[in-house]
Amino acid sequence: MSEDHVPGFNTLSIHAGAQPDPTTGARATPIYQTTSFVFEDVDHAASLFGLQAFGNIYTRIGNPTCAVLEERVAALEGGTAALAVASGHAAQLIVMHTLLQPGDEFIAGTQLYGGSINQFNHAFKKFDWHVAWADSTDVSSFEKAVTPKTKAIFIESVANPGGVVVDIEGIAQVARRAGVPLIVDNTLASPYLCRPFEHGADIVVHSATKFLGGHGNSIGGVIVDGGTFNWMREGRYPTLSEPCESYQGMVLGETFGNFAFAIACRVLGLRDLGAALSPFNAFLLVTGIETLSLRMDRHCANAVAVAEFLSSHPKVAWVSYSGLPGDRYHALQQKYCPKGGGAVFTFGVKGGYDAGVKVVSNVQLFSHLANIGDTRSLIIHPASTTHRQLSDQQKTSAGAGPDVIRVSIGIEDKEDIIADLDQALASA
Amino acid sequence: MNHDSYPDAYIREILDSCRVIAMVGASANTVRPSYFVLKYMLEKGYRVIPVNPGQAGKDILGQRVYASLSDIPEPIDMVDIFRASEAADGIVDEALALEPRPKVIWMQLSVRNDEAAAKAEAAGLKVVMNRCPKIEYGRLSGEIAWAGVNRRTVSSKRPVLSGGGFQRLGLGKGRTSN
Ligand SMILES: Cc1ncc(COP(=O)(O)O)c(C=O)c1O
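Quick caveat, the model's predicted, so the values are computed rather than measured. (Residues numbered from 1 in each chain as written. Chains lettered and ligands numbered in written order. Predicted model: local features only at pLDDT ≥ 70, side-chain atom pairs only at ≥ 80, totals over all residues. Heavy atoms only, no water.)

All right, on to the confidence of the model for chain A then. A low pLDDT means the predicted coordinates there should not be read in detail. In the predicted model, chain A carries a mean pLDDT of 95, and the fraction of residues at 70 or more is 99%. Within chain A, the element-level pLDDT minimum falls on helix α16 (residues 392-397) of chain A, averaging 82, and the maximum on strand β9 (residues 221-225) of chain A, averaging 99. (pLDDT = per-residue confidence, 0-100. Helix = DSSP H or I, 4+ residues; strand = E, 2+ residues; numbered from the N terminus.)

Dropping the structure here:
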């Protein structure tokens, strides 16, 4: 294969970032389970610390196993570079730490994972970063929320828990006009279903914990740099455009070209905030990604079958799955995620909160837990768990009202998944 | 040559065949991008000659600095331009007046001057614009992958260690960097 042939998605899922080990020839990605890397000599050490040479120093800042995950996700998303971190939440923290100064604002769509709503409303306030909320289903609400202090816009491509598909291009235009980067959390879609950079996103974040890893065995996060945003214009992002005191006055945005954002997240955010990914987790995540497309196809096909079954079930009040023709978000799904609407969706049980609690208590195959994106089918009643700390109004606007059940459809046989829901609903 | 996207083989051949690089606009300031590139290319075994009238006669990283290309007393293979795009025209003229002529004009990231490029190409030189030789070397050797950068290529071949070290990769293909 010539160097300039652009490999397809499946090939990249298996090969991107992972050549045979240069010293041993090991073909699978080795787990470099080490804290540190010896320097060749004092000069080499100085070059590494000064960011003048490429190489490994200390696993909090970089590790060759984690680097395979980074390049692989960057390749799948079509970004210039990526940074692997300890969790999806760490990815969000490091992105914002790189973009925001105390007093700054960012806009986020309310259709978000409940944990992100908490992080933005409460934890970020302590950094004096302020979230302004917009409605992910209404592009004009983003436009209205822009102020001179706005430094970024944050959305989920496919929103957790409701499976809402968001109009990325519309919101990207708002970001463009405001001169701020659009950050897209692409966790629920994965790059197999949706590629936000092709629709105007500047930064993509992932909870790799979910579909990328795909087996429910490792927490991890990834930040992907789209390479599209000009950080040097107007000096609104001083972390990138101003001389950096802890690197002797280097200007990161000028030194690292179109992957400066990823480098800044690594050499400042990750170095100083410390949320590093373990090489072992990186290995499991990299291995998971090798089968991403196979799993996503099965997840989506099963989800359609389960959603259709639920739609005609007498105890089900409504089903919200963008993969169903007739769903409110079906047109957006066809545009942004044409291969499928993903595996996560919600439905309402007749009988409200109590009936919801019964369904999740009665399942036998589904696991009742607070995760998504596992090979196993998962179920949760957000109002009593993930979204419990939100006000009733926040719960409803986040798609987590009292009767709502969220499922993450696994890749088991669909007949078994349906049979389990059928018996759980029967006894609700 | 299409200057919007270069085949990897084109860049690889340039990095593989050039040994002596004149770097116009090399800075003595240790945090400037030009200093980074100078240092990196030296470590990769290239001879890099800084050109900067303000520093002429001094040394940067042990390399004597010259005021202009024509002052350099030895043949050069490649001119690397770390100056504003407008300045590239005059630098290409100077390069074309050298005897022997360099083989390559390389303009750094964000430096692009299509007229200067056309002139150099008409004279038989190869031209690269809006690219960084450090990034390209790092990409083609695989070193840059340690920084999570997307090399936009896959390979089932083992990367080549260079320089007897373990954290240094080379270009393989006949390259003798040490
Ligand atoms: C869409 C989305 N973003 C971010 C996160 C946070 O990721 P992590 O749990 O890996 O910190 C989650 C986790 O549920 C999520 O679903």
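On to the sheet that holds strand β1 (residues 20-24) of chain B. All names here are of chain B. Strand order in this open sheet of five strands is β2-β1-β5-β6-β7, and the pairing throughout is parallel. Two strands lie at the open edges of the sheet, namely β2 (47-51) and β7 (126-128), each paired on one side alone. Adjacent strand axes in the sheet meet at a mean angle of 20 degrees, parallel and antiparallel pairs treated alike. Two elements, strand β5 (residues 78-81) and strand β6 (residues 104-107), share four bridges in a ladder whose sense is parallel. Note that in β6 the partner of Ile81 across the bridge is Met107. Packing against the sheet, helix α1 (residues 8-17) makes contact with β5, β6 and β7, and its axis sits at approximately 110 degrees to β7. (Pairing = 2+ DSSP bridges. Axes fitted to C-alpha atoms, helices over the stretch in contact; angles between N-to-C directions. Contact = heavy atoms within 4.5 Å.)

This part takes up the environment of Tyr58 of chain A. All names here are of chain A. On the secondary structure map, Tyr58 appears in the loop between α2 (42-49) and α3 (64-77). The sequence separation of Tyr58 and Ser36 amounts to 22 residues, and the corresponding C-alpha distance is 4.3 Å. With residues up to four places along the chain from it excluded, the contact list for Tyr58 reads Thr35, Ser36 and Phe37.

It is common to report an interface's size as the accessible area lost on association of the parts. All names here are of chain A. On domain assignment, one finds that chain A holds domain 1 (9-288) and domain 2 (293-426). With 39 residues of domain 1 at the interface, the matching set in domain 2 holds 39 residues. For the pair domain 1 and domain 2, the summed buried surface comes to about 3100 Å²; carbon and sulfur atoms form 58% of the total. Of all residues in domain 1, Tyr192, Leu193 and Phe211 bury the most surface against domain 2, accounting for 24% of the area lost on that side. At the boundary of domain 1 and domain 2, one finds one salt bridge. For the interface between domain 1 and domain 2, the tally reads 15 residue pairs in polar contact (both at pLDDT 80 or more). Of all the secondary structure elements, the ones that give two or more residues to the side of domain 1 that touches domain 2 are α1 (9-15), α5 (114-123), β6 (164-165), α7 (168-178) and α8 (190-193). Examining the composition of the side of domain 1 that touches domain 2, we find that four residues originate from one element, α5, more than from any other. In terms of residue class, the side of domain 1 that touches domain 2 is built from 17 nonpolar, 19 polar and three charged. (Domains from an automatic or database assignment. Buried area = accessible area lost by both parts, 1.4 Å probe. Salt bridge = Lys/Arg side-chain N within 4 Å of Asp/Glu carboxyl O. Polar contact = N/O pair within 3.5 Å; in protein donor to acceptor, adjacent residues only side chain to side chain. Nonpolar A, V, L, I, M, F, W, Y, C, P; charged D, E, K, R; others polar.)

Before going further, it helps to spend a moment on the pairing of β6 of chain B. Residues and elements named next belong to chain B. Burial along β6 is two-sided: Val104 and Trp106 facing one way and Ile105 and Met107 facing the other are all buried. Sheet topology note: the β6/β7 ladder contains three bridges and is parallel. Within β7, the residue paired with Val104 across the bridge is Lys126. In this fold, β6 hands off to helix α4 (residues 114-122), which returns the chain to β7; that crossover is right-handed. (Buried < 20%, exposed > 50% of the residue type's maximum accessible area, 1.4 Å probe, protein only. Right-handed = clockwise from strand over helix to strand, strands pointing away.)

Okay, the site of the ligand next. Residue and element names in this part refer to chain A. Taken together, 16 residues lie around the ligand, and Gly88, Asp185, Ser207, Thr209 and Lys210 are the ones closest in. In the environment of the ligand, an oxygen atom lies 2.9 Å from a nitrogen or oxygen atom belonging to the backbone of His89. A distance of 2.8 Å is found between an oxygen atom of the ligand and a side-chain nitrogen or oxygen belonging to Ser207. Taking 390 Å² as the accessible area of the ligand by itself, protein coverage stands at 91%. By residue class, the composition of the shell around the ligand is four nonpolar, nine polar and three charged. (Near = heavy atom within 4 Å. Areas by Shrake-Rupley, 256 points an atom, 1.4 Å probe, with all protein chains shown as cover.)

This part covers unusual backbone geometry. Here Asn160 of chain A and Pro161 of chain A are connected by a cis peptide whose omega angle stands at 5 degrees. Relative to the helices and strands, Pro161 of chain A resides in the loop between β5 (158-159) and β6. Put simply, Glu99 of chain B and Pro100 of chain B share a cis peptide bond, and its omega is -5 degrees. Relative to the helices and strands, Pro100 of chain B resides in the loop between α3 (88-96) and β6. For Leu51 of chain A, which is not glycine, the phi dihedral falls at a positive 60 degrees. You can call Leu51 of chain A buried: its relative accessible area is 13%. Located in the positive-phi region is Ser190 of chain A, a residue other than glycine, with phi close to 70 degrees.

All names here are of chain A. Every buried residue of α7 is listed here: Ile168, Gly170, Ile171, Ala172, Val174 and Ala175. Those residues of α7 hidden inside the fold are in contact with α6 (139-145), β4 (150-156), β7 (182-185) and α14 (330-336). Looking one or two places after α7, you find Gly179, whose phi comes out positive at around 70 degrees.

What follows is about the interface of chain B and chain A. On the side of chain A, 51 residues touch chain B, which itself brings 42 residues to the contact. Note on chain B versus chain A: buried area summed over both sides is about 3800 Å², and carbon and sulfur give 53% of it. Among the residues chain B hides against chain A, the three largest losses belong to Trp146, Val154 and Gln167 of chain B. Together they make up 18% of the total. Ionic pairing is found between Glu40 of chain A and Arg168 of chain B, a salt bridge with its closest N-O pair at 2.6 Å. Inspection of the chain B/chain A interface yields 17 residue pairs in polar contact (both at pLDDT 80 or more). Where the side of chain B that touches chain A is concerned, the elements lending two or more residues are α1, α2 (33-43) and α5 (133-141) of chain B. In terms of residue count, the dominant contributor to the side of chain B that touches chain A is α2 of chain B (six residues). Here the side of chain B that touches chain A is composed, by residue class, of 21 nonpolar, nine polar and 12 charged.

A separate point is the sheet that holds strand β1 (residues 81-85) of chain A. Strands in a sheet are paired, the pairing made by backbone hydrogen bonds, and the direction either parallel or antiparallel. Residue and element names in this part refer to chain A. Pairing is mixed in the open sheet, where seven strands are placed in the order β1-β9-β8-β7-β4-β2-β3. Every interior strand has two partners, whereas the edge strands, β1 and β3 (130-134), have only one. Mean inter-strand twist for the sheet, computed between neighbouring axes without regard to direction, equals 20 degrees. With four bridges joining them, β4 and β7 adopt parallel strand pairing. Residue Ile153 lies in a different strand from β7, and its bridge partner there is Leu182. Running over the sheet, α3 touches β1, β8 (203-207) and β9 and is turned about 130 degrees from β1.

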